[in-house]
Amino acid sequence: LEIPEFAHLAYEVEEGLALVTLKRPEALNALSQDLLQELAEVAEVIAQDPEVRAVIFAGEGKAFAAGADLKEIAALKDPFAAREYALLGQQVFAEIAALPVPTIAAIHGYALGGGLELALACDLRVAAKGAKLGLPEVGLGLIPGFGGTQRLPRLIGRGRALDLILTGRHVPAEEALALGLVNRLGEDALEEAKKLARQILKNAPVALALAKESVVRGEGLDLAEALEIEADLFGYAAATEDMREGVRAFLEKRPPGFRGE
Ligand code: HXC
């Protein structure tokens, strides 16, 4: 597996857990087009690496990510170029959202605009106490364009999403937890994310992939269709060796030893 040289992010894998660290700390990890491109590349690497069983996205320095790079946005020449720019970010985040393994955003400092939209493309979000989250785009004459107007209402509901989108306010981590925008708070976002990943990784790998697939594929469907998919995927899960092992281990009162088969 060929891993490209990244200029704006770091990628490492330890015991099945991949860590992607945004590395433009001088600009609070603002998502330049080069960085977005590298996020697409790293998503491709992760998708092809059978060793990776979960992914954490984090930011180096003072913030997770303070949004799309406003210098690049200022240089967009016309509405058509701006539309292409939105599509670029949407596509990158769609690739991250489509990863088969669980993904966690570890948010400290700020997750604003495109930075929050990256976190919304992840399955789970943990935040450090003191972190601030928001979609401040309307204060700049913009709207969220990397998926924020769609993923935020799907996650926390239309009314609560519109509060954030129309005020553009910075939401403190504690409120983000109450809104369901983040799943957990910790003193240290990365440590908390690793703790959550370890909890997830105790479970059967194929079951994890199927469970995520069921949730993701069901999202755009009506309930009856989505339930059919759930039943199909349940069938696949029940056909795995790990299912036999998991149930046997329960009956024998011992921890399971899953092999991902
Ligand atoms: C480019 C950014 C940036 C950004 C911060 N910086 N955010 N550069 N794009 N989004 C740079 C600053 O210019 C500054 O560089 C350095 O990072 C440190 O930032 P400061 O503002 O000095 O830090 P601080 O006073 O601590 O304030 C932190 C902050 C503020 C509250 C997060 O930086 C801020 O409001 N940033 C912009 C947040 C935002 O509006 N995001 C949404 C972007 S629009 P220098 O060189 O001066 O030291 C978006 C659209 C997505 O995301 C969809 C597009 C289709």
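Up top is the structure.
This structure is a prediction, so every number in the text was calculated from the model and none was measured.

Novice: I'd love a proper account of the pattern of salt bridges, names of residues and values included.
Specialist: Any two side chains of opposite charge can pair, on the condition that their charged atoms come close. Summed over the entire model, instances satisfying the criterion amount to 13 salt bridges. Among the ionic pairs, Glu60 bridges to Lys23, the shortest N-O distance being 3.7 Å. A residue pair is termed long-range when its members are at least 10 positions apart, and Glu60 in the loop between strand E3 (54-59) and helix H2 (70-74) and Lys23 in the loop between strand E2 (17-22) and helix H1 (33-48) qualify at 37 residues. We classify Glu60 as partly exposed; its relative accessible area is 32%. For the salt bridge of Asp163 with Arg169, the shortest nitrogen-to-oxygen distance reads 3.1 Å.

Novice: With reference to specific residues and values, describe the packing of helix H4 (residues 114-121) against helix H5 (residues 148-156).
Specialist: The contact between H4 and H5 brings their axes to 10 Å, and the two run at 50°. Comparing their axes, H5 and H4 come out oblique. Regarding H4 and H5, the two cross each other, and that crossing is left-handed. Where H4 approaches H5, its residues Glu117, Leu120 and Ala121 are matched on the opposing element by Gly148, Arg151, Leu152 and Leu155. Along the lines of polarity and charge, the residues of the contact of H4 with H5 split into four nonpolar, one polar and two charged.

Novice: Give a description of the sheet that holds E2 that names residues and reports values.
Specialist: In spatial order, the strands read E1-E2-E3-E4-E6-E9; together these six strands make up an open sheet with mixed pairing. Lying at the two open borders of the sheet, with one neighbouring strand each, are strand E1 (9-14) and strand E9 (184-186). Adjacent strand axes in the sheet meet at a mean angle of 20°, parallel and antiparallel pairs treated alike. Bridge count between strand E6 (residues 124-128) and E9: three bridges; the pairing is parallel. Note that in E9 the partner of Val126 across the bridge is Arg184.

Novice: Any details on the site of the ligand? Residues and values, ideally.
Specialist: Taken together, 22 residues lie near the ligand, and Ala66, Ala68, Leu70, Gly114 and Glu137 sit nearest. Within the backbone of Leu70, an N or O atom sits 2.9 Å from a nitrogen atom of the ligand. A total of 1,000 Å² of accessible area belongs to the ligand in isolation, and the protein chains cover 64% of it. Those elements that place two or more of their residues in the shell around the ligand are helix H3 (79-97), strand E5 (110-112) and H4.

Novice: So what's going on with the pairing of E6? Residues and values would help.
Specialist: The side chains of a regular strand alternate between both faces of the sheet. In terms of burial, E6 is largely enclosed, as four of its five residues are buried. When strand E4 (residues 103-107) meets E6, the two strands line up parallel, connected through four bridges. Bridged to Ala105 within E6 is Arg125.

Novice: An account of the pairing of E2 is requested, with residue identities and associated values reported.
Specialist: Among the six residues in E2, six count as buried, and that is most of the element. Side chains Leu17, Leu19 and Thr21 of E2 all project onto a buried face; the interleaved residues Ala18, Val20 and Leu22 project onto the opposite face, where all are buried too. Both E1 and E2 contribute to a ladder of six bridges, which runs antiparallel. Opposite Tyr11, over in E2, you have Val20 as the bridge partner.

Novice: How would you summarise the nonpolar core if you had to cite specific residues and measurements?
Specialist: Residues Tyr11, Leu39, Phe93 and Leu181 are the most contacted members of the largest nonpolar core, which totals 55 residues. Phe93 has contacts with Leu31, Leu36, Leu39, Gly114, Glu117, Leu118, Ala121, Phe146 and Arg151, leaving out every residue within four places of it along the chain. In this structure, Ile104, Leu196, Ile200 and Leu201 belong to the second largest nonpolar core, which totals 16 residues.

Scoring rules and cut-offs
- For every chain, the first residue of its written sequence is number 1, and the numbers climb from 1 along that sequence.
- Residues qualify for local features only when their pLDDT is at least 70, as the model is predicted, and side-chain atom pairs are given and counted only at 80 or more; totals for whole chains, interfaces and linings, by contrast, use all residues.
- Hydrogens and water are ignored here; the side-chain numbers use all heavy atoms of the structure.
- Criterion for a salt bridge: a side-chain nitrogen of Lys or Arg within 4 Å of a carboxyl oxygen of Asp or Glu.
- Under the DSSP-based scheme used, a helix requires at least four consecutive residues in state H or I and a strand at least two consecutive residues in state E, with every element numbered from the N terminus.
- Here's how the labels work: a residue is buried when its accessible area is under 20% of the maximum for its type, exposed when over 50%, partly exposed in between, all with a 1.4 Å probe on protein chains only.
- Helix axes use the C-alpha atoms of the stretch in contact, all axes being lines fitted to C-alpha atoms, and the angles between their N-to-C directions lie in the range 0 to 180 degrees.
- When an angle is under 35 degrees it counts as roughly parallel; over 145 it counts as roughly antiparallel; between 65 and 115 it counts as roughly perpendicular; any other value is oblique.
- Each crossing is labelled by how the near helix is turned from the far one, with a counterclockwise turn of less than a right angle marking it left-handed and a clockwise turn marking it right-handed.
- Note on definitions: a residue-residue contact is assigned when non-hydrogen atoms from the two residues lie within 4.5 Å.
- Three categories are distinguished: nonpolar for Ala, Val, Leu, Ile, Met, Phe, Trp, Tyr, Cys and Pro, charged for Asp, Glu, Lys and Arg, and polar for the others, with Gly belonging to the last.
- Each pair of strands is called paired provided DSSP finds at least two bridges between the two strands.
- Here a residue counts as near a molecule or strand whenever at least one of its heavy atoms sits within 4 Å of it.
- A 3.5 Å cut-off defines polar contacts: any pair of N or O atoms within that distance qualifies, except that in protein one atom must be a possible hydrogen donor and the other a possible acceptor, and neighbouring residues in sequence count only when both atoms are side-chain atoms.
- Using a 1.4 Å probe, the Shrake-Rupley method yields the accessible areas, and only the shown protein chains count as cover for residues.
- Definition of nonpolar core: a set of buried residues of the types Ala, Val, Leu, Ile, Met, Phe, Trp, Tyr and Cys, connected through side-chain atoms within 4.5 Å.

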